There are 2 protein chains.
Amino acid sequence: MNELTIELSDCSGKHLYEQIYEYIKREIVEGRLRTNEKLPSTRALSLCLQVSRSTVSLAYEQLLAEGYIDAKRGSGFYVCKIDGLYRTKDTQQKEENIRTPEADKAKYVFSPTEVDMSQFPFDVWKKISKDILIDANKELFSLGDPQGDMELRESIREYLHAARGVNCLPQQIIVGAGNDCLLMILHYLLNKETIFAFENPTYVKAYRTFADAGFPVRLISMDESGMCVEELKQSGAQIAYVMPSHQYPTGTVMPIGRRMELLKWAGGAKDRYVIEDDYDSEFRYKGKPIPSLQSSDTEEKVIYIGTFSKSVAPAIRVAYMVLPKPLLTIYRKESRFFSSTVSRIDQRILNEFIKSGAFERYLNRMRKVYRGKHDMLLTLLRPFEKKFRITGENAGLHILLTAKEECSEQELVLKAAKKGVKVFAMEDNLIAEDQKRKRKPTLILGYAGMTEKEMKKGVELLYEAWL
Amino acid sequence: MNELTIELSDCSGKHLYEQIYEYIKREIVEGRLRTNEKLPSTRALSLCLQVSRSTVSLAYEQLLAEGYIDAKRGSGFYVCKIDGLYRTKDTQQKEENIRTPEADKAKYVFSPTEVDMSQFPFDVWKKISKDILIDANKELFSLGDPQGDMELRESIREYLHAARGVNCLPQQIIVGAGNDCLLMILHYLLNKETIFAFENPTYVKAYRTFADAGFPVRLISMDESGMCVEELKQSGAQIAYVMPSHQYPTGTVMPIGRRMELLKWAGGAKDRYVIEDDYDSEFRYKGKPIPSLQSSDTEEKVIYIGTFSKSVAPAIRVAYMVLPKPLLTIYRKESRFFSSTVSRIDQRILNEFIKSGAFERYLNRMRKVYRGKHDMLLTLLRPFEKKFRITGENAGLHILLTAKEECSEQELVLKAAKKGVKVFAMEDNLIAEDQKRKRKPTLILGYAGMTEKEMKKGVELLYEAWL
C-alpha cells in the first residue's frame, strides 16, 4: 500500500495524530488494511498529508503500542495479524433486567438490623472530622498498617477491656471494613479442610461467608444455654461460631457453665477455636453487661469479633477482630499482604470519637433510648401473651414472639404484611430444619430503628392481623 | 449455706449490687460456694447486709443472666455446675515477640507501590469533605447499597467509558475497599473448582488471594506480547488474570492481536472469563492511553478491576469491579448480602471529587509530574546501558533494568542496600521459576514516590554500587 487517503479536519476537536491513528486503526479493524500489508513510511505519509513527520510518528507509535502494526528494522511498518473482530461498542447499553432489587414497601418495619440514628451526635462527629481534615497531611493519605492504625487499635483495646473484659494487646487487633472482610481474612489463616460449626438458627451471613467459600460446615442444635457442646464434640468441627452475649436470632445468653464447656472443648486440640461474634453486646438493659467469652479464655482459643455498626453507625464501616496469638503468628507470616480496608482519615475520626469520650456518652444515651423502646414494646405486646410467648428480652435490639398454637410463620408474616407491617420469620435464619424436632413458629421483631409512634401503630396493626 | 459475709464499702466507687454480685461470683469461681449449694433468699440477704431487697435482687439477676446461679421456682437460688476454671486475666499482657514488622531502613527506596502525594489538592479534598459533612444527615450514616452508591457508580462508569473505553452500566459496578475485597467477592461467584491462570511473573498479591483460598492455579509463561494463549489453552484454566495495559511487573503492553486471541479463548466456553487488572493505566506518557481489554469484549467475558489507590491516594480505600452480566446475575442472587466496605461519606466525597472535575485536573497534573520523573530517571540511567537493558518504559510508575551479564538479582539488591538504596528483585514476583528457561537478572525501579533530588542521589549511589 502506498497511499492513505485520510481526510484531516481542524475542527473535529481531535489532534491530527489522533485522526491519523484512528483512521488507520479503523482500516485494519475493518479489514481494508490486511495482515502484513506495508504502511507508507512516516516521511511519505507526512508529505502526502501535509503534516509534520512527528505527527505521523506519534500516530504510528500509538498503533505500535496497541499492537496494530509492527516495526521491522530498516524496512518499515506492517499490519499485524489480529484474530477475531475488534468492535468497540460505543452505544450506551440498555438496562436489561439488572435493576437493583427494590426496597421493601411495608410502612412499619420491625427490622432487626436497623438502628436509631436520631440521637447521633452529628455535630461532634462533624467537628472531629473537620479538625482532622485541617491537620490532614500527606501521611494520612498514604497507605497505613494493614491491621489498622496503632492509635485506633489502642483505643479499641482499652474500650474492649473496660466494657467487655477482653484481654489482648493492640498488636492482636485487626481493623476492617465490616465483619465480612474480617471473616474473609480468617479464610487465609485456617486450613481449607477446617470444619466450622454453627448454631442453628444462626446469623446466616456469617454462615454463608464460610460455607459458600467451600469450608465444610456443621449445624449444631441449641438448647436454652446455647450451642450443645456434646453435639459439637460429635461433629468433628474445629471451629465453633457462637454469639454468647446475645445469640442471633434466639436472644439466648450463654451461661458461664456452657462457656467453660465450650472453652474446654476448644482446649482439647491444637487447631480448635471459638469465634465469638459480640455483635450487639453494648446493649444490655438489666444490670451489668455480661463479660465476653474471650475474657474467660486463658488458652488463646477465642477469636473475638465486634463492630461499630450498631454502636456508632451502620455506615461507619469499621469492625475489629482480636486474634489469639497462634493465629496472629500465622497472620503475620501469611496474610499481612492484604491492605487495610478502612481509610486512615476514617480511622483517625473514629479514634478521636472514642478518645474524646463522645463514644461512651453516646453509648450511654443509646442504652437509655433502646431500653425505653424495649420496655415500651414489651408493654405494647402484653395483650399478645395469650397467644405468644415473648423471649430474648433484656438485651440486644430485637425480641422474639413464639406462637403457642399451631400455625405457620409465613402465614403470620403475610397477615402482618397485609396490614403494612413487616416482621421477620425465624425460619429465614435456619440453615436446615431439623425435621424430628418440632419447632414452634417464631417471629423476630427488631425495634431499634422505629420511633415510639411507629411502634405503637405497628403493634396495633399486628394485633388486628393476628388476634 | 445460710450466710454470706460480704463487706460492703461506700467508697469503692462500685454500686452495692455490683459488690454483692462480684463477691458471690468470686466465691463460686474459687470453689467456696459449691455446685447445687443454695444461696440465701433475697429477703434474708438484704436483712443481713442492711441493704434494700431490690439491690440483692439486681445482684442475683446478674448472676442468673451470666449463668452462675439458677432459680428454682418456689425454692430459691442454687449455684450452677461450672466446668473448668474461670479466671479473668486482669493483668496487662506483655508483648511477646509480636511486634509489628519494622519498616525498611534504606534512605532511597525505588518503591513500585509508592505514589507522589505532594501535588494532591488537599484543599479541594478538604473543602469537598467539609461541604458534605455540613449536609451529612441520618441517611448518610445508614447502610447503603452493597454495590456502592448509585451516584458514585455512575461517575465511575462515565470516567471508565471516557478514559478507558469501558462499556458497562452502573448496575454492573461494585465498589469496594481495595482490590482484595473485590477479588474475594469473586470467590463467591465462581465454582470452587475453577482453575485460575496467572502470568508468571505476576502481581503476587492477586495470585495469593486466589491460590491461598484454595482455588487451583496455573502459571502461564509470558512472551513479549503477554500471556501465551497456547499455553493457557493447554492449562485447562477457566479464568485468566491479566494486566494488558501495563503488566506488573514486566511492563509489557498486550497488543491487540493477543487481546483478541485471549477474548477468543474466553469465548470458547461458557465458564471462561478474563480478569483485567487495570491498576495503573492512568499513566501513559506517549500518545493516547491504550483502551482497556474490556472495551474490545463483545461477549461479556471480561471482569474489569481498577482502583483509585494510584490515581487519587493509597489511603482512599476505593476500588471498583465491573462484572459481566452472567456473573452479575449470580452476584445478585448469591452475594448481595455482603455489605459495602466503603463508608457512604467517603463515597460521596470521592464522587464530588470526580464530578467537580478535580479528579481529571489532578490526573492531568500527575501525568505531567510522573512523565517528568520518568524521563529524568531514563536520562539518569543512560550510563547504565552498557551493563543493563532498560524496559517497561512509556507507561506506569516503574521501569525494569535487566543485567546483560551473568549475576544474581540478590547480589545486585544487596550491593544497592549497602549504599542505602532499595531496589526490588523480579524474582520476588515470580511464583515458580521455570528452570529450563534461563531468566536474565532483572530489577524493578519505581519512581513515583521519589523527589527528583532523591532520584539523582539514588541513581548516583546505584552507579557506585553496580558499575
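Before going into details, it helps to say that this report is about the structure given with it. The structure presented is a predicted model; accordingly, all values stated were derived computationally and were not measured.

## Some remarks on the interface of chain A and chain B
- Counting residues at the interface gives 110 residues for chain A, matched by 110 residues for chain B.
- Across the contact surface, chain A and chain B share two salt bridges.
- The interface formed by chain A and chain B holds 20 residue pairs in polar contact (both at pLDDT 80 or more) in total.
- The element that contributes the greatest number of residues to the side of chain A that touches chain B is helix α4 (residues 122–135) of chain A, accounting for seven residues.
- Partitioning the side of chain A that touches chain B into residue classes produces 45 nonpolar, 27 polar and 38 charged.

## As for the relation of the copies chain A and chain B
- Rotating chain A by 180° and moving it 0.0 Å along the rotation axis overlays it on chain B with an RMSD of 0.0 Å. Seen this way, the second copy is the image of the first under a two-fold rotation axis.

## Concerning the packing of aromatic side chains
- According to the stated counting rule, one finds 56 aromatic pairs over all chains in the structure shown.
- Considering the side-chain rings of Phe-120 of chain A and Phe-122 of chain A, the 5.1 Å spacing of their centres and the 70° angle between planes classify their relative orientation as edge-to-face.
- For Phe-120 of chain A, a relative accessible area of 4% puts it in the buried group.
- The buried category is assigned to Phe-122 of chain A, whose relative accessible area is 17%.
- For the pair Phe-120 of chain B and Tyr-362 of chain B, a centre-to-centre distance of 5.2 Å together with 90° between the ring planes defines the contact as edge-to-face.

## Focus: unusual backbone geometry
Residues and elements named next belong to chain A.
- For the peptide bond that leads from Asn-200 to Pro-201, omega is 5°, which places it in the cis range.
- Here Tyr-248 and Pro-249 are connected by a cis peptide whose omega angle stands at 5°.
- Checked against the element boundaries, Pro-249 lands in the loop between β9 (239–242) and α9 (256–267).
- Even without glycine at this site, Glu-300 takes up a positive phi of about 55°.

## Re the sheet that holds strand β12 (residues 319–322) of chain A
Residue and element names in this part refer to chain A.
- Taken in spatial order, the seven strands of this open sheet run β4-β12-β11-β10-β9-β5-β6, and their pairing is mixed. Where the open sheet ends on each side, the last strands, each with one partner, are β4 (173–176) and β6 (217–220). Taken pair by pair, the neighbouring strands of this sheet meet at an average axis angle of 20°, ignoring direction.
- By the bridge criterion, four bridges tie strand β10 (residues 273–277) to strand β11 (residues 302–307) in an arrangement that is parallel.

## Brief notes about helix α12 (residues 358–380) of chain A
Residues and elements named next belong to chain A.
- Here α12 contains 23 residues, and its C-alpha end-to-end distance of 32 Å stays within 8% of the 33 Å for a straight helix at 1.5 Å per residue.
- Three or more residues of α12 are buried, namely Ala-358, Phe-359, Tyr-362, Leu-363, Met-366, Val-369, Tyr-370, Lys-373, His-374, Met-376 and Leu-377.
- Where the residues of α12 are buried, they touch α4, α5 (150–164), α11 (344–355), β14 (398–403) and α14 (452–466).

## What to know about helix α14 (residues 452–466) of chain B
Residue and element names in this part refer to chain B.
- Here α14 is 15 residues long and its end C-alpha atoms lie 21 Å apart, about the 21 Å a rise of 1.5 Å per residue gives.
- What α14 keeps buried is the set Met-455, Gly-458, Val-459, Leu-461, Leu-462, Ala-465 and Trp-466. Projected onto a plane normal to the axis of α14, the buried residues spread over an arc of 165° and lie on a single side.

## Quick notes on the pattern of salt bridges
- All told, the structure shown has 38 salt bridges over all chains when counted by the stated rule.
- When the shortest N-O distance is used, the salt bridge between Arg-164 of chain B and Asp-278 of chain B registers 2.6 Å. Placement of Arg-164 of chain B in helix α5 (residues 150–164) and of Asp-278 of chain B in the loop between β10 (273–277) and β11 (302–307) is noted, with a sequence separation of 114 residues between them. When sorted by exposure, Arg-164 of chain B lands in the same class as Asp-278 of chain B, which is buried.
- Across the pair Glu-261 of chain B and Arg-258 of chain B runs a salt bridge, and its minimum N-O distance is 3.6 Å. Within this pair, Glu-261 of chain B and its partner Arg-258 of chain B are both found in helix α9 (residues 256–267), separated by three residues, close to a single helical turn.
- The structure contains a network of salt bridges with shared partners spanning Arg-208 and Asp-212 of chain A together with Glu-334 of chain B.

## What about the nonpolar core?
- The biggest cluster of nonpolar side chains holds 145 residues, and the ones touching the most others in it are Phe-141 and Trp-466 of chain A together with Trp-125, Phe-141 and Trp-466 of chain B.
- Take this core: its biggest share by element is nine residues, from α12 of chain A.
- With residues near it in sequence (within four places) discarded, Trp-466 of chain A still touches Phe-384, Lys-387, Phe-388, Leu-401, Leu-412, Lys-415, Ala-416, Val-423 and Leu-443 of chain A.
- Judged by nonpolar contacts, the second largest core, of 61 residues, contains Tyr-188 and Ala-319 of chain A together with Leu-183 and Ile-185 of chain B.

## So, the packing of α5 of chain A against α11 of chain A
Residues and elements named next belong to chain A.
- It is the contact of α5 with α11, at a shortest axis distance of 9 Å, that shows an interaxial angle of 35°. Crossing handedness for the pair α5 and α11: left-handed. Residues Glu-151, Leu-152 and Ser-155 of α5 touch α11, and the partners they reach there are Gln-347, Leu-350, Asn-351, Ile-354 and Lys-355.
- Taken together, the residues of the contact of α5 with α11 sort by class into three nonpolar, three polar and two charged.

## A few points about the sheet that holds strand β6 (residues 217–220) of chain B
Residues and elements named next belong to chain B.
- The strand order across the open sheet built from seven strands is β4-β12-β11-β10-β9-β5-β6, with neighbouring strands paired in mixed fashion. What marks the edges here is a single partner per strand, and that holds for β4 (173–176) and β6. Going from strand to strand, the sheet's axes swing by 20° on average, the running direction of each strand aside.
- Two elements, strand β5 (residues 196–199) and strand β9 (residues 239–242), share three bridges in a ladder whose sense is parallel. By the bridge assignment, Phe-196 is partnered in β9 with Ile-239.

## Details of the side chain of Asp-180 of chain A
- Position of Asp-180 of chain A among the secondary structure elements: in helix α6 (residues 179–189).
- Since its relative accessible area comes to 8%, Asp-180 of chain A is described here as buried.
- For Asp-180 of chain A, the contacting residues outside a window of four places in its chain are Lys-205 and Thr-209 of chain A together with Phe-338 and Ser-339 of chain B.

## Side note on the state of the cysteines
- By the definition in use, this model includes zero disulfides over all chains.
- Looking at Cys-168 of chain A, it has no disulfide partner, and the nearest cysteine sulfur is the one in Cys-181 of chain A, 20 Å off.
- Note on Cys-168 of chain A: relative accessible area 4%, which makes it buried.
- Cys-181 of chain A carries a free sulfur, and the closest cysteine sulfur to it, the one in Cys-181 of chain B, is 3.6 Å from it.
- For Cys-181 of chain A, a relative accessible area of 9% translates into the label buried.

## Points about the packing of helix α13 (residues 409–418) of chain B against α14 of chain B
Residue and element names in this part refer to chain B.
- Following both chains from N to C, one finds α13 and α14 inclined at 125°, their axes separated by 9 Å at the closest point. Looking at the two axes, α13 sits oblique to α14. Remark: the crossing between α13 and α14 carries right-handed chirality. Judged by residue contacts, Leu-412, Lys-415 and Ala-416 of α13 engage Leu-462, Ala-465 and Trp-466 from α14.

## Describing the environment of Glu-385 of chain B
All names here are of chain B.
- With respect to the element layout, Glu-385 can be found in the loop between α12 (358–380) and β13 (388–391).
- Each C-alpha atom, one on Glu-385 and one on Lys-404, is 9.1 Å from the other, the two residues being 19 residues apart in sequence.
- Apart from the residues lying within four places of it in its own chain, the contact partners of Glu-385 are Ile-390 and Lys-404.

Rules behind the numbers
Residues numbered from 1 in each chain as written. Chains lettered and ligands numbered in written order. Predicted model: local features only at pLDDT ≥ 70, side-chain atom pairs only at ≥ 80, totals over all residues. Heavy atoms only, no water. Contact = heavy atoms within 4.5 Å. Salt bridge = Lys/Arg side-chain N within 4 Å of Asp/Glu carboxyl O. Polar contact = N/O pair within 3.5 Å; in protein donor to acceptor, adjacent residues only side chain to side chain. Helix = DSSP H or I, 4+ residues; strand = E, 2+ residues; numbered from the N terminus. Nonpolar A, V, L, I, M, F, W, Y, C, P; charged D, E, K, R; others polar. Least-squares fit on C-alpha atoms with pLDDT ≥ 70 in both. Phe/Tyr/Trp six-rings, centres within 6.5 Å; stacked < 30°, edge-to-face > 60°. Buried < 20%, exposed > 50% of the residue type's maximum accessible area, 1.4 Å probe, protein only. Pairing = 2+ DSSP bridges. Axes fitted to C-alpha atoms, helices over the stretch in contact; angles between N-to-C directions. Expected span 1.5 Å × (residues − 1). Arc of directions from axis to C-beta. Core = buried A, V, L, I, M, F, W, Y, C linked by side-chain atoms within 4.5 Å. Left-handed = near helix turned anticlockwise from the far one by under 90°. Disulfide = S-S within 2.5 Å. Parallel < 35°, antiparallel > 145°, perpendicular 65-115°, else oblique.

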